Amino acid sequence: MSVNVSELAARLSKAVADRTAITKLTDEFPELDIPTGYRVQRELRSAAGEIAGWKLGVTSRAKQAQVGVDSPIYGFLPAAGAVDLGEPLDTSALIQPRCEPEIVFTLGRDLKGPHVTAADVVAASSGVAVGIEVLDSRFMDYGFTMADVVADNTSASRFVVGVPVTTSGVDLRLVGVLLEKNGEVVATASGAASLGHPAAAVAWLVRQLAAEDEGLAAGQIVLSGGLTAAVPVRPGDVVTATIDRLGSVELGCR
Amino acid sequence: MTDTTAKAHALYEARRTRTAIPPFTDAEPGLGMDDGYAVQQELVQLLLADGDRVVGHKVGLTAAPMQKALGIDTPDYGPVLASTAYRDGDAVPLDAFVAPKVEAEIVFVLGDRLEGPGVTVTQARAAIAGAVAGMEIIDSRIADWRIKLADTVADLASNGAMATSSRIVPLDDGPNGWDPRLVGMVLTRNGELVDTGAGAAALGDPVAVVAWLANTLGEHGVALEPGHLILTGALHAALPMNPGDVFRAEFDRLGPVTVRIA
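All of these numbers come straight from a predicted model, not from anything done at the bench. (Residues numbered from 1 in each chain as written. Chains lettered and ligands numbered in written order. Predicted model: local features only at pLDDT ≥ 70, side-chain atom pairs only at ≥ 80, totals over all residues.)

1. So, the sheet that holds strand S11 (residues 247-252) of chain A
Residue and element names in this part refer to chain A.
Piece 1. The strand order across the open sheet formed by four strands is S7-S6-S10-S11, and the pairing between neighbours is antiparallel. Two strands close off the open sheet at either side, each with one partner strand: strand S7 (184-190) and S11. Ignoring strand direction, the axes of neighbouring strands in this sheet form an average angle of 15°.
Piece 2. As judged from the six bridges shared by strand S6 (residues 176-181) and S7, these two strands associate in the antiparallel manner. Within the sheet, the bridge partner assigned to Lys 181 lies in S7 and is Glu 184. (Pairing = 2+ DSSP bridges. Helix = DSSP H or I, 4+ residues; strand = E, 2+ residues; numbered from the N terminus. Axes fitted to C-alpha atoms, helices over the stretch in contact; angles between N-to-C directions.)

Structure (structure tokens):
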């Protein structure tokens, strides 16, 4: 039996609309593999309206080893998922939100090609910013295989991005990263936590997109991968991400 | 010989023969932090009598998960001895230890004398001459790291050795000013990234670690002296080591420090 991509996309869209987690797709369709997962994701993208950019997932080598893969995954960012600076996160619209700190690239020009490297990414970026990604898996308790999470647009939901600074003179590998929840330090990292260098993670994305004859467009943003474990949030929580040289963003949850 | 003295001698022998001993808290579950420091003090006297020197202090248990694991809400400290200080790039012999692990840490060099109690974080910052990149080798003379607070405190806060870079980077507030909380660190083993962290992993602020140490030592009438090194605590989970391993901790602002395990 072959997987009905449209039907799976519809199940995921319904989970978002109902704010109700579903069992992972591979329980019912064990033949769902990662390429098919991306086909489901593309179906979701074609219905998502304006796209703000892209995001990386599973960029930590430790996490890759844990789940038995050797490359990251990617998803898209619907423009409607943007939370503006100072705006609260409405958790009642979400299923099981978790927050993680991100280094966010803003593209100054289009970037496309099968041989793009980290240096190309930095050169094509007009700036980098600190951000918080709000994940919201549509699967119960974040229980999924890689194929499931790819189909579920890598758990993408909301994001808040600080004001970008220029990339010149900033070694994004070494910048310190601090995640606080309700005033307490919950995790630290440096930029290298994403694939050794956040720009290398973005370059990987561009090479993947090239295989689909796609690329990054000027003005788009890329969330280059969670730098610490994601922290669950509830109404009343305040999450702060601080990255040396890039500043802080704060997200209040209601 | 008092009980404290006997424990200090047991640890002294364990260090000399590199043979672990059972935790003191196995036989005496009631032993607490103060008992541990009493043993530590006697042990240090034995080591100084052999000609060693105190060149600074380490502060341990500065990470929230470590404190939770031991069921405590305070760091601990121990002296750092001149005989266990290595330079950047040195080969460190594995057989100098019992059960060693590696931790990357921000190390401060004190510029002014600092004596508690009452030392604030601001005063601590003003007394710091600068920072260097540091790698601590922690070690436990207590069998299988089966430590409770009294055991690790007695055992010099599980300090084994340290290696530091040589360029002292001042904490100035000018255009080159920086915040130790936000200093990123990348740790590689044999060229492969194993972990990352930032200064805030140490008690929320490595400078606060210095204030804590000055105030805690101050209760015993001990001051931190100019030139003393302060190891402010691990920025990641400690890693085991094998012969031939090369560990490199690179810190933003401070540069790298490398240790080769022989």
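More follows now that the structure is in view.
2. A short note on the UniProt feature "domain: Fumarylacetoacetase-like C-terminal" (unreviewed entry) in chain B
Piece 1. According to UniProt, the feature "domain: Fumarylacetoacetase-like C-terminal" (unreviewed entry) maps to residues 81-261 of chain B in the numbering used here.
Piece 2. Secondary structure over residues 81-261 of chain B splits into 14% helix and 35% strand, and the C-alpha atoms at its two ends are 20 Å apart. (UniProt positions renumbered as here; feature names shortened; annotations may be inferred.)

3. A short note on the pairing of strand S4 (residues 125-135) of chain A
Residues and elements named next belong to chain A.
Piece 1. Among the eleven residues in S4, nine count as buried, and that is most of the element.
Piece 2. In terms of strand pairing, strand S3 (residues 98-107) meets S4 through ten bridges, oriented antiparallel. Bridged to Pro 101 within S4 is Ile 132.
Piece 3. Examined bridge by bridge, S4 and strand S5 (residues 156-161) share five bridges and lie antiparallel to one another. When the sheet's bridge partners are listed, Glu 133 is paired in S5 with Phe 159. (Buried ≥ 20, exposed ≤ 12 C-beta atoms within 10 Å, placed from the backbone.)

4. A look at the sheet that holds strand S9 (residues 192-198) of chain B
Residues and elements named next belong to chain B.
Piece 1. Taking strand neighbours across the sheet as the criterion, the five strands line up as S4-S13-S12-S8-S9 in an open arrangement whose pairing is mixed. Each edge of the sheet is formed by a strand with only one pairing partner; in this case those strands are strand S4 (91-92) and S9.
Piece 2. Sheet analysis places strand S8 (residues 184-189) next to strand S12 (residues 246-251), joined by five bridges and oriented antiparallel. Bridge pairing in S12 links Leu 187 to Ala 249.

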